[in-house]
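Okay, here's what each chain looks like letter by letter:
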Amino acid sequence: MKNGRVMLTDDKDKPSTLAKDAQQVAQWRPLILVVLLLALVLRLTAAVVVERRVQQAGRTFFIEGDANGYWHLGMAIANGDDYSVHTPNRRILRVPGFPLLLAGTICLFGDSVFAARCVLAMVGVGCCWLTWLLGSRLVRRRVGFWAALLMAVHPLQIGNSVLILSENWFTFWMLAGLLAFVKLVDGPRGMSDENAKLDREMLRHALFTGGLIAVAVLVRPGFIPWLVVAIAGVLFLLKQSWSARLIVVAALLVAFATVMMPWVFRNHKVTGHWVLTSLWSGPSLYDGLNPEADGTSNMEFFDRENVMGTMSEYEMNAHYQHRAVEFMRTNPWTSVVLSGRKLTRFLQLAPSANLMGWGQRVACGACVSIFGLLCVVGIRSQLLNPTGLL
């Protein structure tokens, strides 16, 4: 304990020479390379299995609704067509982060879904590597190794890595952003005394953190609340003066705004409104909060009502947001029950995809249960480490 502050016993905190630290890294390198190789083999195998399953079922994608939309947008970017999907055209249905990746695979490998699965398998390996770096930075290299190994063999992580869905790509950028944030607030100067000066390294980490958060938001807009958490972390975890902390926050926000700006200006150009992410939150909210809702997802009302026939995309989104809020206001108890059912579905131990067998569901459930127990242990071990808890 130093100055009333509990110091973690991590190998990065132990007084050692650079040579000793390099020796420790060299000792772990073969093991982490084996983990990454294992992750690659498992994900490429999953790509082959999933491709065969969907072809045998006479389909193109495992989860066709979302995947079809992403693939269409990726093709539009690759071919230089208008970034829109469906009829009437919806130009801000999806943020462009994941379609841009698909457009890259289409430009490189043509209209091959299997090639895209293999690229996403490589992204999944990258997630394992970032998990190793994050765990090593927060606690110690041993923890980073076991976290990466769990990520490598977890059935849900393997399966998500080869689906034409944005979760895997989002996870990569989320982990990169978290790593940059940890380096910012827990670096050699971040947690030092309040007389420490603001330097270029801190500003660089702040810029990286803001930019990477923006990239993650452009893949999955639901990540945007983390921007607020990151700002709070900078303000309350850094030990510099308040003026220095505010400069770091400003740098973070400038980087975030810079990355988001092209998409926001494009949205204003096509709709006449300033839209930060997408225009699908209204129907998505109403999907779970309407008189016909039962806790599952059923978007049939959207095609049946066809409000896009008389409204713009912006008006449609606001229309369904208003109806969902009105339903919550007039049916508060029913709204709580429906939200509970949806949360239960979200937290279930194994997914209920039609093409997944019972054996695979049991394996997923077992891994999720083990993961939950490890999370409890991890949280308990980090109670005195605010950065780790955050």
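As a reminder, the structure under discussion sits directly above these lines.
Residues numbered from 1 in each chain as written. Predicted model: local features only at pLDDT ≥ 70, side-chain atom pairs only at ≥ 80, totals over all residues. Heavy atoms only, no water.

Asks: What exactly am I supposed to notice about the overall build of the protein chain here?
Replies: Along the protein chain, the regular secondary structure elements total 16 helices and zero strands. Taking all 390 residues of the protein chain together, the buried fraction comes to 43%. Across the protein chain, contacts joining residues at least 24 apart in sequence account for 71% of those joining residues at least 6 apart. Of the accessible surface of the protein chain, which amounts to about 20800 Å², a share of 64% is contributed by carbon and sulfur atoms. (Helix = DSSP H or I, 4+ residues; strand = E, 2+ residues; numbered from the N terminus. Buried < 20%, exposed > 50% of the residue type's maximum accessible area, 1.4 Å probe, protein only. Contact = heavy atoms within 4.5 Å. Areas by Shrake-Rupley, 256 points an atom, 1.4 Å probe, with all protein chains shown as cover.)

Asks: Would you take a moment to explain the packing of helix α4 (residues 113–138) against helix α7 (residues 167–185) for this structure?
Replies: To characterise two packed helices, one gives the angle between the axes of the helices and the distance between these axes. Where α4 meets α7, the axes come as close as 9 Å, and the angle between the chain directions of the two elements is 25°. Between α4 and α7, the crossing angle belongs to the class labelled roughly parallel. Viewed along their axes, α4 and α7 form a crossing whose handedness is left-handed. Residues Leu120, Val123, Gly124, Gly126, Cys127, Leu130, Thr131, Leu133, Leu134, Arg137 and Leu138 of α4 form the contact with α7, whose participating residues are Asn168, Trp169, Thr171, Phe172, Leu175, Ala176, Leu178, Leu179, Val182 and Lys183. Residues belonging to the contact of α4 with α7 are distributed by class as follows: 14 nonpolar, five polar and two charged. (Axes fitted to C-alpha atoms, helices over the stretch in contact; angles between N-to-C directions. Parallel < 35°, antiparallel > 145°, perpendicular 65-115°, else oblique. Left-handed = near helix turned anticlockwise from the far one by under 90°. Nonpolar A, V, L, I, M, F, W, Y, C, P; charged D, E, K, R; others polar.)

Asks: Where do I start with the packing of aromatic side chains in this structure?
Replies: Ring pairs (aromatic) are described by centroid distance and by the angle formed between their planes. Scanning all chains against the criterion turns up 19 aromatic pairs. Aromatic side chains Tyr70 and Phe98 sit 5.0 Å apart centroid to centroid with 90° between the ring planes, which places their arrangement in the edge-to-face category. Linking Tyr70 in helix α2 (residues 64–79) with Phe98 in helix α3 (residues 97–109), this pair joins segments that are 28 residues apart in sequence. An aromatic cluster is defined as three or more aromatic residues linked by ring pairs; in this entry it consists of Trp280, Tyr286, Phe301, Phe302 and Tyr320. The positively charged end of Arg94 is found above the aromatic ring belonging to Tyr70, 4.8 Å away from the centroid. (Phe/Tyr/Trp six-rings, centres within 6.5 Å; stacked < 30°, edge-to-face > 60°. Lys NZ or Arg CZ within 6 Å of the ring centre and 35° of its normal.)

Asks: What exactly am I supposed to notice about the side chain of Arg94 here?
Replies: Note that Arg94 resides in the loop between α2 and α3. A distance of 2.7 Å separates polar atoms of two side chains, one belonging to Arg94 and the other to Asp66. Setting aside anything within four residues of it in sequence, one finds Arg94 in contact with Asp66, Tyr70, Leu73, Tyr83 and Trp263. (Polar contact = N/O pair within 3.5 Å; in protein donor to acceptor, adjacent residues only side chain to side chain.)

Asks: What's the story with the pattern of salt bridges in this structure? I'm lost.
Replies: Per the stated rule, a full pass over the model turns up eight salt bridges. The residue Arg323 makes a salt bridge to Glu305 at a minimum N-O spacing of 2.9 Å. With Arg323 in helix α13 (residues 313–330) and Glu305 in helix α12 (residues 300–305), the pair connects residues that are 18 residues apart, well separated along the chain. Under the relative-accessibility criterion, Arg323 is labelled partly exposed at 24%. Judged by its relative accessible area of 29%, Glu305 falls in the partly exposed class. (Salt bridge = Lys/Arg side-chain N within 4 Å of Asp/Glu carboxyl O.)

Asks: Got a minute to help me understand α2 in this structure?
Replies: The periodicity of an α-helix, 3.6 residues per turn, causes residues three or four places apart in sequence to face the same way. For α2, which comprises 16 residues, the first-to-last C-alpha distance of 22 Å matches the rise-based estimate of 22 Å (1.5 Å per residue) to within 8%. Along α2, the positions that sit buried rather than exposed are Ala67, Gly69, Tyr70, Trp71, Leu73, Gly74 and Ala76. In this structure, the buried side of α2 is in contact with α3 and α4. Taken from the residues just after α2, Gly80 is the one with a positive phi, measuring 75°. (Expected span 1.5 Å × (residues − 1).)

Asks: Hey, could you run me through a nonpolar patch on the surface in this one?
Replies: On the surface, a cluster of nonpolar side chains totalling about 360 Å² of accessible area is made up of Met261, Phe265 and Trp274. With respect to the helices and strands, Phe265 occurs in helix α10 (residues 242–271). (Patch = residues over 30% accessible without salt bridge, like charges linked within 9 Å, V, L, I, M, F, W, Y side chains within 5 Å.)

Asks: Just to check I follow, could you spell out unusual backbone geometry for this structure?
Replies: Glycine aside, residues mostly have negative phi angles, and peptide bonds mostly take the trans form. If you check the backbone angles, Asn306 has positive phi at about 50° while not being a glycine. Looking at where Asn306 falls in the secondary structure, it is placed in the loop between α12 and α13.

Asks: I would appreciate a short explanation of the packing of helix α8 (residues 200–217) against α10 in the present structure.
Replies: Axis separation between α8 and α10 bottoms out at 7 Å; the angle between their running directions is 35°. The hand of the α8/α10 crossing is right-handed. Two secondary-structure elements touch here, α8 through Met202, Leu203, Ala206, Leu207, Thr209, Gly210, Gly211, Ile213, Ala214, Val215 and Val217 and α10 through Ile247, Val248, Ala251, Leu252, Ala255, Phe256, Val259 and Met260.

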